[in-house]
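Analysis of the macromolecular model
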Amino acid sequence: MFDLTLTPVADDVADDVTEPSSDDASAHLVDEAPLLDAYSRAVVGVVEALGPAVVRVAVAPDATRQRRGGTGSGVIITPDGLVLTNSHVMQGASAAQLTLADTRTVEARTLGDDPDTDLALLRITDNATFPAARLGDSKTLRCGQVVVAIGNPLGFESTVTTGVVSALGRSLRGQGGRLIDDVIQTDAALNPGNSGGPLVSSRGEVIGINTAIIAGAQGICFAVSSNTAAYVVSQIIRHGRVRRAFIGIAGQTVPLARHLALAFRLDQPRAVVIAGIEPGSPAERAGLKTGMIVVGLAGEKVRGADDIVRLLNAERIGIETPLAVITGGELRSMTIVPTER
């Protein structure tokens, strides 16, 4: 049999330990109140400013095209009715029904659909002015930054959740198999139906379009960056689709080590590390390897994966393009010939 004896705390130690009085507890709560109020005010301000621009997107089923139909979210980005949502929400549909925050229902047609970034651009057919959100610069984001997600999860309209930016520069495989670069990871709670809705910074700017969750995980959710979305929107408006050059790398945005920046006189805080190379791609033919750090493309600085997406436009297809990479402790200039995706 075991004899379990409790040893009392020594008197001299016990004398040093005092229970907080009710006055102390009240003072502690009062001290925290301004901080909690500031956080609440920031979230409330974002919701009041951006909430009216968030819509419910409903796509009708189509048996002939094997489309099941369904619902998701979207965000109005211009007063004349341009709406961003996910490609997988639209399912290739040419039109959708939108429910506005004030419960009005309007029709919208698809201007362009880009499965490679899981984005689609719609145009509201009503000739009216709508509350619109502003796309921010996702390159300025920092891990730990507070973000707000607004959408219609599981059909519950105008639902607000908050969290932080958990990671930046993630890659996510799109519907067509292409990796979507510069994806934002967040722990703001997302559920089916949030797809296509905005991820918003505390400044009230859309910094991402919510696109995916990991089923069964807790707080692992993803959004396509606003810089990628801005590029896709400009391409669809200009060409009706996104024509893009393809080099076949998976890239991750990383901070550029200070000693490398100093050694090679690079005036940029971030670059892109090559995380993967597709077999038979222009990157493989050019001799690129995983682990290389891309700092320049076509004579311009590469400070993020979205820069590569932006620079690999239609004009680069079939054209010899200079690529600046750091590898083996050296800054090298390589040449790559992008093909059309």
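Now for a look at the structure at hand.

About the criteria used
- Residues numbered from 1 in each chain as written.
- Predicted model: local features only at pLDDT ≥ 70, side-chain atom pairs only at ≥ 80, totals over all residues.
- Heavy atoms only, no water.
- Helix = DSSP H or I, 4+ residues; strand = E, 2+ residues; numbered from the N terminus.
- Expected span 1.5 Å × (residues − 1).
- Buried < 20%, exposed > 50% of the residue type's maximum accessible area, 1.4 Å probe, protein only.
- Salt bridge = Lys/Arg side-chain N within 4 Å of Asp/Glu carboxyl O.
- Core = buried A, V, L, I, M, F, W, Y, C linked by side-chain atoms within 4.5 Å.
- Contact = heavy atoms within 4.5 Å.
- Polar contact = N/O pair within 3.5 Å; in protein donor to acceptor, adjacent residues only side chain to side chain.
- Pairing = 2+ DSSP bridges.

Turning our eyes to something else, we now look at helix H4 (residues 226–239). Here H4 is 14 residues long and its end C-alpha atoms lie 20 Å apart, about the 20 Å a rise of 1.5 Å per residue gives. Taken together, the buried positions of H4 are occupied by Ser 226, Asn 227, Thr 228, Ala 229, Tyr 231, Val 232, Val 233, Gln 235 and Ile 236. A positive backbone phi angle near 85° is found at Gly 240, which sits one or two residues after H4.

Opposite charge on two side chains permits pairing when their charged atoms draw close. This model, assessed by the stated rule, comprises 8 salt bridges. The closest approach of N and O atoms between Glu 205 and Arg 134, which form a salt bridge, is 3.1 Å. Of this pair, Glu 205 sits in the loop between strand S10 (198–201) and strand S11 (206–213) while Arg 134 sits in the loop between strand S6 (119–124) and strand S7 (146–151); the two residues are 71 residues apart in sequence, bridging distant segments of the chain. Since its relative accessible area comes to 13%, Glu 205 is described here as buried. Several salt bridges share partner residues, and in doing so they unite Arg 241, Arg 243 and Glu 340 into one network.

Here we take up the nonpolar core. By size, the foremost hydrophobic cluster in this structure holds 46 residues, and its most contacted members are Val 57, Val 75, Ile 76, Leu 84, Met 90 and Leu 98. Ignoring any residue separated from it by four or fewer positions in sequence, one finds Val 75 in contact with Ala 53, Val 54, Val 55, Leu 82, Val 83, Leu 84, Ala 133, Gly 196, Pro 198, Val 206 and Ile 209. Membership of the second largest hydrophobic core comes to 20 residues, among which are Met 292, Leu 297, Ile 308 and Leu 311.

Further remarks concern unusual backbone geometry. Even without glycine at this site, Thr 103 takes up a positive phi of about 80°. Here Thr 103 lies in the loop between strand S4 (95–99) and strand S5 (105–114). Judged by its relative accessible area of 61%, Thr 103 falls in the exposed class. Positive phi outside glycine occurs at Arg 265, with the angle close to 55°. Residue class for Arg 265 comes out exposed when judged on its relative accessible area of 78%.

On to the side chain of Asp 181, then. With respect to the helices and strands, the residue Asp 181 is situated in strand S9 (residues 179–186). Looking at Asp 181, the relative accessible area reads 12%, which means it is buried. Of the polar contacts made by the side chain of Asp 181, one reaches the backbone nitrogen of Gly 251; its length is 3.5 Å. Leave out the neighbours within four places in its chain, and Asp 181 touches Arg 170, Ser 171, Thr 228, Ile 249, Ala 250, Gly 251 and Ala 305.

Turning next to the pairing of strand S1 (residues 54–59). Counting buried residues along S1, 5 of its 6 residues qualify, which places the element largely inside the surrounding structure. In the sheet, S1 pairs with strand S2 (residues 70–76) via 6 bridges, with the strands oriented antiparallel. Within the sheet, the bridge partner assigned to Val 55 lies in S2 and is Gly 74. The pairing of S1 with S4 spans 3 bridges and is classified as antiparallel. Its bridge partner being in S4, Ala 58 is matched across the sheet by Gln 97.

Of note, Asp 307 is situated in helix H7 (residues 305–311). Asp 307 sits in the buried class, given a relative accessible area of 2%. Through-space distance from the C-alpha of Asp 307 to that of Ala 271 is 9.5 Å; in sequence the pair is 36 residues apart. Not counting residues within four places of it along the chain, the set of residues in contact with Asp 307 comprises Lys 139, Lys 301 and Val 302. There is a polar contact of 3.4 Å between the side chain of Asp 307 and the side chain of Lys 139. A polar side-chain atom of Asp 307 sits 2.8 Å from the main-chain amide nitrogen of Arg 303.

What follows is about the environment of Glu 300. Within the secondary structure, Glu 300 is located in strand S17 (residues 300–301). Looking at Glu 300, the relative accessible area reads 38%, which means it is partly exposed. Sequence separation between Glu 300 and Leu 323 is 23 residues, and the spatial gap between their C-alpha atoms is 9.3 Å. Leave out the neighbours within four places in its chain, and Glu 300 touches Val 295, Arg 310 and Leu 311.

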